[in-house]
Amino acid sequence: AQTVTQSQPEMSVQEAETVTLSCTYDTSESDYYLFWYKQPPSRQMILVIRQEAYKQQNATENRFSVNFQKAAKSFSLKISDSQLGDAAMYFCACSMDSNYQLIWGAGTKLIIKP
Amino acid sequence: KAGVTQTPRYLIKTRGQQVTLSCSPISGHRSVSWYQQTPGQGLQFLFEYFSETQRNKGNFPGRFSGRQFSNSRSEMNVSTLELGDSALYLCASSWGLARGEQFFGPGTRLTVL
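Residues numbered from 1 in each chain as written. Chains lettered and ligands numbered in written order. Predicted model: local features only at pLDDT ≥ 70, side-chain atom pairs only at ≥ 80, totals over all residues. Heavy atoms only, no water.

Peer 1: Account for the state of the cysteines, with residues named and values stated.
Peer 2: As used here, a disulfide is simply a covalent bond connecting the sulfur atoms of two cysteines. With the rule as written, the count across this model stands at 2 disulfides over all chains. The partner cysteine of A:Cys23 in its disulfide is A:Cys92, sulfur to sulfur 2.0 Å. The chirality of the disulfide connecting A:Cys23 with A:Cys92 is left-handed, given an S-S dihedral of about -65°. Linking A:Cys23 in the loop between strand S3 (19-21) and strand S4 (24-26) with A:Cys92 in strand S10 (residues 88-95), this pair joins segments that are 69 residues apart in sequence. Accessibility classification places A:Cys23 together with A:Cys92 in one group, the buried group. The partner cysteine of B:Cys23 in its disulfide is B:Cys91, sulfur to sulfur 1.7 Å. Because the torsion about its S-S bond is -50°, the bridge between B:Cys23 and B:Cys91 counts as left-handed. On the criterion of sequence distance, the pair formed by B:Cys23 in strand S3 (residues 19-24) and B:Cys91 in strand S9 (residues 87-94) is long-range, its members being 68 residues apart. (Disulfide = S-S within 2.5 Å. Helix = DSSP H or I, 4+ residues; strand = E, 2+ residues; numbered from the N terminus. Buried < 20%, exposed > 50% of the residue type's maximum accessible area, 1.4 Å probe, protein only.)

Take a look at the structure:
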């Protein structure tokens, strides 16, 4: 079965510090896409960052970067210089089958301590 | 460009009733996906429509159905509501099939009493 696992239900970090959220996935496909989405409290889900599996270079978006380890099937998100506005649920998702249906992790609640 | 809109935002129904939720995607987007989000089960995929055709379907009972119109607006219907159907229902749109970025609406909060 194709699965996405986020093993950290909750993480906390001091403002301005760096935090890493973990995500592992299981697939036999060679062509797939990986995503991190952010859902702030009572606000809409938005895409944070995206990684194509065929690309070896890790994706980066400003303070957000990923560590994509294809052999280990790991896709972690690093948030640098954490800000209060980063507080949210973070979901890892993978589009991995021939229909490109998104499979979602359970989410990690990120708390930013001022 | 207007974002994804969902109506209604909040809904209270009783067991056995049926409900229809609506989603208007971003202009030009042809794909609409529906998700059920609950604290216990997380985000569960319901179905995806592309150009009025259901392309993918999640593992939900037949009480959950949907459709897409020629203007890409989509509706989902839940018949014979059960208490366990209480959830936040999210709609997401994208230009193509959902292998790219999806843009989410604010959701419809359904409470079944």
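Alright, that's what it looks like, and here's the rest.
Peer 1: Explain the interface of chain A and chain B to me, using residue names and the numbers behind them.
Peer 2: Taken together, the 16 residues of chain A in the interface contact 18 residues of chain B. Each partner contributes to the roughly 1,600 Å² buried at the junction of chain A and chain B, and carbon and sulfur atoms together form 50% of this total. Joining chain A to chain B, the criterion identifies 0 salt bridges. Of all elements in the fold, only strand S5 (33-39), strand S6 (46-52), S10 and strand S11 (102-104) of chain A reach the threshold of two or more residues within the side of chain A that touches chain B. (Contact = heavy atoms within 4.5 Å. Buried area = accessible area lost by both parts, 1.4 Å probe. Salt bridge = Lys/Arg side-chain N within 4 Å of Asp/Glu carboxyl O.)

Peer 1: Explain the sheet that holds strand S7 (residues 64-68) of chain B to me, and be specific about the residues and the numbers.
Peer 2: The strands making up a sheet associate through hydrogen bonds between their backbones, and the pairing can be parallel or antiparallel. Residues and elements named next belong to chain B. Read from one edge to the other, the open sheet built from 4 strands follows the order S1-S3-S8-S7, with strand pairing classed as antiparallel. Of all strands in the sheet, those with a lone pairing partner are strand S1 (5-7) and S7, marking the two edges. If you compare each strand with its neighbour and ignore which way they point, the axes differ by 20° on average. Pairing between S7 and strand S8 (residues 74-78): 5 bridges, direction antiparallel. Paired with Gln68 across the bridge in S8 is Ser74. (Pairing = 2+ DSSP bridges. Axes fitted to C-alpha atoms, helices over the stretch in contact; angles between N-to-C directions.)

Peer 1: Before we move on, can you summarise the pairing of strand S5 (residues 42-50) of chain B with the specific residues and values?
Peer 2: All names here are of chain B. Of all 9 residues that make up S5, 8 are buried, and the element is covered over most of its length. Two strands pair when backbone bridges link them, and strand S4 (residues 31-38) and S5 are joined in this way by 8 bridges, in the antiparallel orientation. Paired with Val32 across the two strands is Tyr49, which belongs to S5. Counted along the chain from S4 to the antiparallel partner S5, the turn is 3 residues long. Where S5 lies against strand S6 (residues 53-57), 4 bridges are found, and the strand directions are antiparallel. Residue Tyr49 lies in a different strand from S6, and its bridge partner there is Gln54. Between S5 and S6, which follow one another and run antiparallel, lie 2 residues, and Ser51 among them has a positive phi close to 50°.

Peer 1: Lay out the nonpolar core in plain terms, naming residues and giving numbers.
Peer 2: As a rule of thumb, soluble globular proteins bury nonpolar side chains together. Counting 27 residues, the largest nonpolar core has A:Val4, A:Tyr32, A:Trp36, A:Phe75, A:Leu77, A:Tyr90 and A:Leu110 as the members making the most contacts within it. Contributing elements (two or more residues each) for this core: S3, S5, S6, strand S8 (64-69), strand S9 (74-79), S10 and strand S12 (108-113) of chain A. Leaving out residues up to four positions away in the same chain, A:Tyr32 has contacts with A:Tyr25, A:Thr27, A:Gln51, A:Glu52, A:Ala53, A:Phe68, A:Lys70, A:Cys94, A:Ser95 and A:Met96. Formed by 21 residues, the second largest nonpolar core is a distinct cluster that contains B:Val32, B:Phe64, B:Val78 and B:Ala87. (Core = buried A, V, L, I, M, F, W, Y, C linked by side-chain atoms within 4.5 Å.)

Peer 1: Can you lay out the side chain of B:Glu75 for me, pointing to particular residues and giving the numbers?
Peer 2: All names here are of chain B. Take Glu75: it is sitting in strand S8. Within the local environment of Glu75, its side chain forms a polar contact with the side chain of Arg73, the two groups lying 3.3 Å apart. Once residues within four sequence positions are removed from consideration, Glu75 is found in contact with Thr20, Leu21, Ser22, Trp34, Ser65, Gly66, Arg67 and Phe69. (Polar contact = N/O pair within 3.5 Å; in protein donor to acceptor, adjacent residues only side chain to side chain.)

Peer 1: Please set out the layout of surface pockets residue by residue, giving values where relevant.
Peer 2: Where empty space is left in the structure can be found by rolling a water-sized probe over the atoms. Computed from the structure, the largest pocket encloses a volume of approximately 710 Å³. In terms of lining residues, the largest pocket is bounded by 29 residues, among which A:Gln39, A:Met89, B:Gln37, B:Leu88 and B:Arg109 are the most central. Broken down by secondary-structure element, the contributors of at least two residues to the lining of the largest pocket are S10 and S12 of chain A together with S4, S5 and strand S11 (108-112) of chain B. In terms of residue count, S12(A) provides more of the lining of the largest pocket than any other element does, 4 residues in total. Approximately 230 Å³ is the volume found for the second largest pocket. Looking at the second largest pocket, the residues that line it are A:Gln101, A:Leu102, A:Ile103, A:Trp104, B:Gln36, B:Gln41, B:Leu43, B:Gln44, B:Phe45, B:Gly58, B:Asn59 and B:Phe60. Elements with a contribution of two residues or more to the lining of the second largest pocket: S11 of chain A together with S5 of chain B. Residue composition of the lining of the second largest pocket, by class: 6 nonpolar, 6 polar and no charged. (1 Å grid on protein atoms, 1.4 Å probe; cavity = no way out; pocket = protein on both sides within 12 Å on 5 of 7 lines; lining within 4 Å. Points joined across faces, edges and corners; volume = space filled by probe spheres on them. Nonpolar A, V, L, I, M, F, W, Y, C, P; charged D, E, K, R; others polar.)

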